[in-house]
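Understanding the architecture of this molecule
Residues per chain, in single letters:
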Amino acid sequence: MSSALFLCTGNSCRSQMAEAWGRCMFPDGWQVFSAGIEKHGLNARMLTVMAEVGMDMSKHFSKTIDELPAGLSWDLVVTVCDRAAAACPYYPGGKLIHLPFDDPPALAVGLPEAEALAVYRRVRDEIRTEIEKLTKCLQNDSHGL
């Protein structure tokens, strides 16, 4: 069994979306997790835009790396923000990829709700596109990134 980790600052938005897409799209034999350097709780707008595409994330919760199952070795670690990339610990043997996505909560500050949700939708769709690309690589070769 291979394991993938999506890492972000607070595990409230981008890494949660990446985990959800990864769980849906990664090939059989992959366990997919997300975590943050800190935990900030789940972002309500993220939950809304993921529900729009049929992803019920009500059972998800914000967590740090230390709260993930013990004993996992990471075959793939994907940082989804610059802060996580800078703080990412070294995982021997695993492939480390940096996919910096815009931070929807930061971009949506002060925007009317419709415009704020548009920012979240854009980032959600960008994450989906990148997860689709990763999935194709994983399907071609178990670690072919």
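Note: the structure precedes this text.
Below is a summary of the structure that appears in this document. (Residues numbered from 1 in each chain as written. Predicted model: local features only at pLDDT ≥ 70, side-chain atom pairs only at ≥ 80, totals over all residues. Heavy atoms only, no water.)

**A short note on the side chain of Asn43**
Looking at the secondary structure, you find Asn43 in the loop between strand E2 (30–36) and helix H2 (44–52). By relative accessible area, which is 15% here, Asn43 ends up buried. There is a polar contact of 3.0 Å between the side chain of Asn43 and the backbone nitrogen of Met46. Excluding its chain neighbours within four sequence positions, the residues that come into contact with Asn43 are Ser12, Cys13, Pro105 and Tyr120. (Helix = DSSP H or I, 4+ residues; strand = E, 2+ residues; numbered from the N terminus. Buried < 20%, exposed > 50% of the residue type's maximum accessible area, 1.4 Å probe, protein only. Polar contact = N/O pair within 3.5 Å; in protein donor to acceptor, adjacent residues only side chain to side chain. Contact = heavy atoms within 4.5 Å.)

**Things to note about the sheet that holds strand E4 (residues 95–98)**
Judged by pairing direction, the sheet is parallel, and its four strands sit side by side in the order E2-E1-E3-E4 without closing on themselves. Looking along the sheet, the strands with just one partner apiece sit at the ends: E2 and E4. Recorded for the sheet is a direction-independent mean angle of 20 degrees between the axes of neighbouring strands. Here four bridges tie strand E1 (residues 2–8) to strand E3 (residues 76–79), and the two strands are oriented parallel to one another. Bridged to Ala4 within E3 is Leu76. Its contacts with the sheet put helix H1 (residues 14–25) on E1 and E2, and the angle it makes with E2 is roughly 175 degrees. (Pairing = 2+ DSSP bridges. Axes fitted to C-alpha atoms, helices over the stretch in contact; angles between N-to-C directions.)

**Let's talk about the pairing of E2**
In terms of residue burial, E2 counts as a mostly covered element, since six of its seven residues are buried. Pairing geometry for E1 and E2, over seven bridges, is parallel. From the neighbouring strand, Cys8 faces E2, where its bridge partner is Gly36. Since E1 and E2 lie parallel, the crossover through H1 that links them has a hand, and here it is right-handed. (Right-handed = clockwise from strand over helix to strand, strands pointing away.)

**Remarks on the side chain of Thr64**
Relative to the helices and strands, Thr64 is located in the loop between H2 and E3. Once residues within four sequence positions are removed from consideration, Thr64 is found in contact with Ala35, Gly36, Ile37, Glu38 and Lys39.

**Focus on H2**
Three- or four-residue spacings in an α-helix give side chains the same orientation, since the helix completes a turn every 3.6 residues. The complete set of buried residues in H2 reads Met46, Val49 and Met50. Taken around the axis of H2, the buried residues stretch over an arc of 100 degrees, which confines them to a single face. N-cap assignment for H2: the residue whose side-chain oxygen lies 2.9 Å from the backbone N of Arg45 is Asn43. In the segment just after H2, Gly54 is the residue with positive phi, at about 85 degrees. (Arc of directions from axis to C-beta.)

What is shown is where atoms sit, not what they do.
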